Each structure stands twice: as structure tokens, then as C-alpha cells.
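Chain and residue survey
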2 protein chains.
Amino acid sequence: MFHINENYQKMPGSYLFADIGRKVREFSAANPDKEVIRLGIGDVTLPLAPAVVKEMSQAAEDMGTPEGFKGYPDYEGYEFLRRAIKENDFDPRGVEVGLDEIFVNDGAKSDSADLGEIFSKDCKVAVCDPVYPVYVNSHALAGRAGDYLPEKGEWSNLIYMPCTEANGFVPDLPGETPDLIYLCYPNNPTGGAITREALQRWVDYALKNKACILYDAAYEAYITDPSLPHTIYECEGAKECAIELRSFSKNAGFTGVRLGYSVVPKELKCGDVSLNTLWMKHQEFTFNGVSYPVQRAGAAVYSPEGKDQTAAQVAYYLKNAKAIKEGLEAAGYTVYGAENSPYAWLKVPAGMTSWQFFDKLLTEAAVVGTPGSGFGPHGEGFFRLTGFGTYKNTLAAIERIQKM
Amino acid sequence: MFHINENYQKMPGSYLFADIGRKVREFSAANPDKEVIRLGIGDVTLPLAPAVVKEMSQAAEDMGTPEGFKGYPDYEGYEFLRRAIKENDFDPRGVEVGLDEIFVNDGAKSDSADLGEIFSKDCKVAVCDPVYPVYVNSHALAGRAGDYLPEKGEWSNLIYMPCTEANGFVPDLPGETPDLIYLCYPNNPTGGAITREALQRWVDYALKNKACILYDAAYEAYITDPSLPHTIYECEGAKECAIELRSFSKNAGFTGVRLGYSVVPKELKCGDVSLNTLWMKHQEFTFNGVSYPVQRAGAAVYSPEGKDQTAAQVAYYLKNAKAIKEGLEAAGYTVYGAENSPYAWLKVPAGMTSWQFFDKLLTEAAVVGTPGSGFGPHGEGFFRLTGFGTYKNTLAAIERIQKM
């Protein structure tokens, strides 16, 4: 008689953004006259850049010809895309990443969830709090998180690293030594950034404790401060202790196209075993590569036209984020982030929980945001709004909130 | 200090098809004058059908417009595709599958590997021998397979169900009772088919023992015998005991496009818990859906033109398989399969191992096939050739083998 993975029964709810989606659908069904503005799920709204569309469409056409047809892709991604990644995302920053250290995936969420599989079951995991839920959920399902403690809103076996106003949303080094450390900068959800010096301290800490950092740099395109690091490999020694996750979702609007990549350095080892070798095996054993037209679309992001067009998209979303920050500050809110990030992280009015503020915003202003507590206990009291809407809707949402 | 998943160290080699790829690359590099014909990896060669190309290209164009842009896809796949699947793959066979029982994925290999994650770690797994390696590998990495025993070529904790000439490549019910049972028909690699009566026996067995069948029907489009079942849900009670895996790779040539789906019925339960609910959670927690243009391409397979065009592709590959079978039989080989399957399964000459035959075929005829032992101990003595080459190359390969 078969049994299920009991860790599923421990999960306190569904996936945060699925929950929000359901709540919004219910509200819309009950209030068909209200035009809901969605600034909750971090989904983009601008159409794909012309250079990307042209290439993806051409790749589809090529697949219809004997000369242009492509069968099974390489497990690690086509070389043309890995080369474009290397030459644009790393070489110009003086960072050496080998073509065989880049693994193309169908979006960073997949690897965020799957990278845990190459680690031992007894690894102790440290996460920022608040945090992108996928890291926590995947370790909870794999049994590394222990039990969910509803009264604390925490898992019994995770190390939570609070990111608060007091520490500028960059956690202090943890008291208990972790084996795996998740960091994400520019941060989702707080919108905070990390300096090179602060990141170097984490790298030094990981090297000293033989921990592995999983560095989520999905939002690096939003960095406006030239002093901030774009990749963890700008820090000395990072290739010996860090995996980096990247996404095409936010810099090029690929949320519906599905493309990302991970860097797993050869120097990153457990004893004699390189994690690069393990991850290559993981991809061979469980994955069959990414759609060819999608990879061609990804390469087009790095063409001269693609770079200009996607940079303009990022600038547009940053303008939205800035408008949210300034508009809400004018209405008396305290707002963080929104400078090197598309996310504004605002303090909810005193006396309310973040889910209460979610409900208030939805019912009174028909604006959807994300309650901070959905990202972890220290997210309570905060609320995330994204700059990924249209400019028009963003201004309308700000106005509605100001009148609330 | 972090440690790795030690199950990776137990793996006896790399992924079979990655190994073959490397061997062929080495041979080609050493023999640049020899034109290698690849009938090994089950990869298709015909260009995508015009109806598919048109739709994928149009979807890419749509993504470049404000009206047509799509962000994050539904975790379970767009309803337009799930509806086309339901109305074409199940309704006409009198099989009731709900839209919410269909989960679109980025190719059946992903779900073949991942479905194990919703089951308990102590589930006992039964696989056919020989078998598509992904099922075994994924459970080995998850720790369910025990230890690899090199002298036997087996894992210590799996139940192997021999598929032999004697049983017509349909296994007998196992002596030890399994919790999870993998069946694949039409079969990869033997090319064998299963009758409705034989499949019903497996369903009855699973119901009686509360086992779950994972039924891989990736090759159902190749069924030519009208009496054979196209889906396990043609069997009574199957929705209470079986998950079905489907792929667009072989019926529509999507190996490079990456699309498949799984059916997880609501009636399939462990106690009160429906596996359908668990799998939906799995997809929400760890996956972000399939590329929109890829899903549009998938829907085009079910259009009137798409059906005609892809049926012609399947007929082409079946013609190749038949030519291999007849050509090799004329040369004195015993050949199975190749009737309801694109795969010919031939006996290697007496006194040779299947890897020896692989080397002989590669060096003497520059033809690539797949050694049967790569699929499991009972694959030894057999060799897989695929009908997925071009007709011209297939005839050339047959001629070369005949002269060998």
C-alpha cells in the first residue's frame, strides 16, 4: 500500500501567490464593476521587446524547416545562450564564469526549488525572514524544515535571519551555524540592496564555516547604485562557496516565456566532489533542457537592440516603483525599497496585520498587494507593492490608496 | 559544513543517453570522414508541422503586443490546452478526465522524475526490466532504490519485473508486492504493446494491493492495432489507482519544444488525501508553468491541420521502423517491436554483449543504436534501433548493417 510524502500535510497553506490569486478572483466575481489593479504577484505587464519577439518567432519558423529543426536540447542549455550570458553578465564585471558552469533552466523558480536535491537531507538551512517562499517550501517538502509551528509562523528546523528596519534589511550573521544560506539581493520582498562589503562578509563567513550560499540575483537589472555588486562572484572566494540564480523574468519580462539560469562553480566542492558535476548529473537525470525558441528568445535579450529595449522596460518599472514610494510617502506611509528594486516595502498602519491591510486595500481601493507576513514572521507589519504594473494603473492605485 | 546527497555517489554512471552522446562525439572526432547515422537516442528528425509552427510563431508575435502579452502561466497549464487534450485524447475514447485532472509540463521526463516526490520515502518501487532509465534514476537519487549492485546491474531495493521474449515483453505480476508500479506501453525500449485485458489485470492488481501505477503512454500515437488501449483509463477502476504520463515529443516532434502532461485523477487517494491535490501543490510550490508560445504550439497539434500533419509524421516514423524490422530480419536478425511502436528491439548476435554490439555497429557501420543493457539487466542481449531517423538514413543504416 502506497503512502504519501507526509511533509505535504505539514504545509500551512497553498503557495502564497496562488492564495492571493484565489482571493482576487473571488473578489472580482463578487464585485464585477470594480476594476482591480494588481500590484501583488511580481508579474510584469509590458509586452516582450521587439528584438525578443522577432527571434522567438524566427526560431519557431526555423523549427519548421529541415535545416533549422532542433530536437532534444543540451541539458545545460545551448552554447549560444550560455556564451551570451558569460560575455554579458560576467565578463564585463571582471568575473570569470566558465561556459560549463552555466545551467540554463525554465525559470529560476524551478532551480530555487530543485537545487536542494543535491544536498544531504540533514543540511541545516538558513533563510532571510521575510523571504521568497519557494526556498522554504522546497526544503519543507524535502523534510529539512522540521515541523511548522503555527503559533510562531515558523518551521522548527530552519534558521531564520530577521531582515528588519534596524539592520537595513540585511541580516546579521546567524548565531547557529547553517550549512545552506539563502540570500537574495536586490531583495524580494523588502526591496533592499546589499553592499559589496556586506556581501563579502557573508562569503567570508560561508568559507570559514564551509557553508554554501544560494544567491538569488533575479533582480540585479534593477540596481541603480553603481557601487552595488551585480553578482556574488564580484566577492573574493565566492566561487568556492556560492551558487547564483538568475532569471529572465524581471529584466526582460519573461514571466510567461520561462527562462533562467544557475551558475554552479567547479571550485564549489564538498570534499572531492564538485557541485558542478552533481548538478550536471541532476539535469541529465531529471530534466531535458529548455525549449529551443525560448533559448533563442533569451539570446536576443543580449543583442544590441535587445539590451536597449529591455533596459527601457526596467527603467519603466523603476519609474513606477519610485512613483509608489513617493506617492505613499506623501500619504504618510513609511516606504522602503523601490530604488534598486521594483519592490516598495511599506509599513502597514499601526494596529493592523498585513493580511488585514491586504483585505482593506482590496475592498476599499481594489488594489492587490502582497502581505508581508506571507513572506515570513518578520514580514508582519509590512506590505509589498510592485512596480510591474502599467504606469497608468500605478498612478491610479497610488491615488486610490491616498484617498483611503 | 554542508554535505551532498550521497545517493549521487551511488549512481553507476551518467545518464544513458548522455553517455551515448559522448561516445558518438568521440568517434566522430576521431573519424571525421565517416557519416554517422543516429538511431540511438529516441530523438525525432522531421521539422515541426506547419500548423504548429504557425501557431507558435503567432503566439510569439502576440506576446509583443499589449493585448496579447501573457505573464506567469497557470501552474497546471492554460485551460485552452487542457481542454484540447481532454476533448481529443480522452472524450473520444469514452474516458472521463476532468480539466482539473490534467497537468501540463515541460516534457514527460520532468514529471517522470518528479512524481516520486509526492510519495513516501519508504514506498517500494517496481519497474519493468528493461526500462526507461529516468524512473529508476529518480528513485535512486531520492534514496528509494537502495544500493547499486554492480555485479547484478541492479539496485538492492527495487522490484525488477523482467520483460522477456517468453512473456512477450509484458511482465508477470511481481512476487513481492510493490507500492508504486511503472508501466510503459507501447513500451520503451522493447517496442512491445499491451492488450486491454493484460492492462486490466494490472489495474485489478493495483486496486487489490492499493498500489499506484505510473503509466507512461508517451508512445500511444504509434498504436496501429485497433484493439489496443490508448490510455490506462480505458480500464475499469484505473482512475482510482493510476497516474498517466503523456508527451508531445513523439506524436508531434516536440523533443526540442518541450511539452507533455500528466493526468492525476481525483479518485486516486491515500486515505482521505487525493493525489490530485498533492500534485497541484507540488506544481504551485516548485514550478511556474510552461511557456505560453509552447502551450499554443501544443494546442495546434489538436487543430484539424495539426492532426493531419502530425499523423503523417507518425506514419513516416512507423514506416522507418517497419523497414528496420524487415531489413534486419532479412539479414538474419530476430527483431521485436516496430509495429505499434517506433522502436525495433533486436537480439544481438550470440556471444556478444549489447555494449559490444554498440561498439561494433558504431565502428563498422557508423550506426548508433542503444545497448539493451543500458535499460536494465534483462535488456542484455538486445539492442534498440529507432524509426525516428530520416527514411533515407534509415535505409542507408539497414544496408550498412546488412553488409556488416
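Residues numbered from 1 in each chain as written. Chains lettered and ligands numbered in written order. Predicted model: local features only at pLDDT ≥ 70, side-chain atom pairs only at ≥ 80, totals over all residues.

**Considering the overall build of chain A**
Regarding its fold elements, chain A presents 12 helices and 17 strands. Its C-alpha atoms give chain A a radius of gyration of 21 Å, within 12% of the compact-globule value 22 Å for 404 residues. For chain A, buried positions account for 58% of its 404 residues. Contacts in chain A between residues far apart in sequence, at least 24 positions, make up 72% of those at least 6 positions apart. (Helix = DSSP H or I, 4+ residues; strand = E, 2+ residues; numbered from the N terminus. Rg over C-alpha atoms; globule rule 2.2 N^0.38 Å. Buried ≥ 20, exposed ≤ 12 C-beta atoms within 10 Å, placed from the backbone. Contact = placed C-beta atoms within 7 Å.)

**Some words on the packing of helix H10 (residues 304-330) of chain A against helix H12 (residues 391-402) of chain A**
All names here are of chain A. The N-to-C vectors of H10 and H12 enclose an angle of 10°; their axes lie 10 Å apart at closest approach. Viewed along their axes, H10 and H12 adopt a mutual orientation that is roughly parallel. Residues Tyr 316, Lys 319, Asn 320, Ala 323, Ile 324, Gly 327 and Leu 328 of H10 touch H12, and the partners they reach there are Tyr 391, Thr 394, Leu 395, Ile 398, Ile 401 and Gln 402. Residue classes in the contact of H10 with H12 are distributed as eight nonpolar, four polar and one charged. (Axes fitted to C-alpha atoms, helices over the stretch in contact; angles between N-to-C directions. Parallel < 35°, antiparallel > 145°, perpendicular 65-115°, else oblique. Nonpolar A, V, L, I, M, F, W, Y, C, P; charged D, E, K, R; others polar.)

**Describing the nonpolar core**
As a rule of thumb, soluble globular proteins bury nonpolar side chains together. Within the largest apolar cluster, 263 residues are counted, with the highest numbers of intra-cluster contacts made by A:Val127, A:Ile213, B:Val127 and B:Ile213. For A:Ile213, the contacting residues outside a window of four places in its chain are A:Ile181, A:Leu183, A:Trp202, A:Ala206, A:Ile232, A:Cys241 and A:Ala242. (Core = buried A, V, L, I, M, F, W, Y, C linked by C-beta atoms within 7 Å.)

**Digging into the domain arrangement of chain A**
When the parts of a complex come together, some accessible area is lost, and that lost area is often taken as the interface size. Residue and element names in this part refer to chain A. Domain boundaries assigned for chain A yield domain 1 (12-48 + 305-402) and domain 2 (53-303). Among the secondary structure elements, those contributing two or more residues to the side of domain 1 that touches domain 2 are H10, strand S13 (335-337) and strand S14 (343-347). A per-element tally of the side of domain 1 that touches domain 2 places H10 first, with seven residues. Here the residues of the side of domain 1 that touches domain 2 sort into 16 nonpolar, 12 polar and five charged. (Domains from an automatic or database assignment.)

**Remarks on the interface of chain B and chain A**
Contacts between the two partners involve 68 residues from chain B and, on the opposite side, 68 residues from chain A. Where the side of chain B that touches chain A is concerned, the elements lending two or more residues are helix H3 (50-62), helix H5 (108-114), helix H6 (133-142), helix H8 (275-286) and helix H9 (292-300) of chain B. For the side of chain B that touches chain A, a count of residues per class yields 38 nonpolar, 18 polar and 12 charged.

**Regarding the environment of A:Lys86**
Residue and element names in this part refer to chain A. Within the secondary structure, Lys 86 is located in helix H4 (residues 79-90). Along the backbone, Lys 86 and Pro 47 are 39 residues apart, and their C-alpha atoms lie at a distance of 26 Å. If near-sequence neighbours (up to four positions away) are discounted, Lys 86 is found in contact with Asp 91, Val 97, Leu 99 and Ile 102.

**Describing the pairing of strand S3 (residues 125-129) of chain A**
All names here are of chain A. With respect to burial, S3 is a largely interior element, five of its five residues being buried. Burial along S3 is two-sided: the face carrying Val 125, Val 127 and Asp 129 and the face carrying Ala 126 and Cys 128 are both buried. Bridge analysis of S3 against strand S7 (residues 180-184) gives two bridges, and the strand direction is parallel. Counted as the bridge partner of Ala 126 is Ile 181 from S7. When S3 meets strand S6 (residues 159-162), the two strands line up parallel, connected through four bridges. Directly across from Asp 129, in S6, lies its bridge partner Pro 162. (Pairing = 2+ DSSP bridges.)

**Some details on the sheet that holds strand S7 (residues 180-184) of chain B**
Residues and elements named next belong to chain B. Spatial strand order, S2-S10-S9-S8-S7-S3-S6: seven strands in an open sheet with mixed pairing. Bordering the open sheet on either side are strand S2 (102-105) and strand S6 (159-162), each of which pairs with just one other strand. Put simply, the sheet's adjacent strands are angled 20° from each other on average, direction ignored. For strand S9 (residues 242-247) and strand S10 (residues 260-263), the ladder comprises four bridges, and the chain directions are antiparallel.

**A short note on unusual backbone geometry**
Residues and elements named next belong to chain A. Residue Tyr 185 is joined to Pro 186 through a cis peptide bond whose omega torsion reads -10°. For Pro 186, the position within the fold is in the loop between S7 and helix H7 (196-209). For the bond from Asn 188 to Pro 189, the omega torsion is 15°, close enough to zero to count as cis. Position of Pro 189 among the secondary structure elements: in the loop between S7 and H7. Backbone geometry places Arg 258, a non-glycine residue, at a positive phi of 70°. Despite not being glycine, Ala 366 shows a phi value in the positive range, around 55°. For Ala 366, a count of 20 C-beta atoms within 10 Å gives the class buried.

**Comments concerning the relation of the copies chain B and chain A**
When chain B is fitted to chain A, the residual RMSD is 0.0 Å, and the transformation amounts to a turn of 180° plus an axial shift of 0.0 Å. The transformation relating the two chain copies, once decomposed into turn and shift, fits a two-fold axis. By C-alpha distance to the rotation axis, the residue of chain B lying nearest is B:Ser57, at 2.2 Å. Of all interface residues in chain B, 100% are interface residues in chain A too; the two copies therefore contact each other through one and the same surface. (Least-squares fit on C-alpha atoms with pLDDT ≥ 70 in both.)

**Focus: the sheet that holds S3(A)**
Residue and element names in this part refer to chain A. Across the sheet, which stays open at both edges, the seven strands sit in the order S2-S10-S9-S8-S7-S3-S6 with mixed pairing between neighbours. The open sheet has two edge strands, strand S2 (102-105) and S6, and neither has a second partner. The sheet shows a mean angle of 20° between the axes of neighbouring strands, taken without regard to direction. Contacts between H7 and the sheet are confined to S7, strand S8 (212-216) and strand S9 (242-247), with S8 contributing the most and set at about 150° to the helix.

**So, helix H10 (residues 304-330) of chain B**
In this model H10(B) runs 39 Å from its N-terminal to its C-terminal C-alpha over 27 residues, within 8% of the 39 Å that 1.5 Å per residue would give. The elements touched by buried residues of H10(B) are H3, H9, strand S13 (335-337), strand S14 (343-347), strand S17 (382-386) and helix H12 (391-403) of chain B. (Expected span 1.5 Å × (residues − 1).)

**Quick word on the pairing of S14(B)**
Residues and elements named next belong to chain B. Buried residues dominate S14, accounting for four of its five residues. Sheet topology note: the S13/S14 ladder contains three bridges and is antiparallel. If you follow Gly 337 over to S14, its bridge partner there is Ala 344. For S14 and S17, the ladder comprises five bridges, and the chain directions are antiparallel. Residue Trp 345 lies in a different strand from S17, and its bridge partner there is Arg 384.

**With respect to the packing of H3(B) against H10(B)**
Residue and element names in this part refer to chain B. H10 packs onto H3 with a crossing angle of 130° between their chain directions and a minimal axis gap of 7 Å. Relative to H10, H3 is oriented oblique. Across the interface between the two elements, Pro 50, Ala 51 and Val 52 from H3 touch Glu 305, Gly 306 and Gln 309 from H10. Among the residues forming the contact of H3 with H10, the class breakdown is three nonpolar, two polar and one charged.

**Quick look at the confidence of the model for chain A**
Counting all residues, the mean pLDDT for chain A is 96, and 100% of those residues have values of 70 or more. On the interface metric, ipTM, the complex scores 0.96, and its pTM is 0.96. (pLDDT = per-residue confidence, 0-100.)

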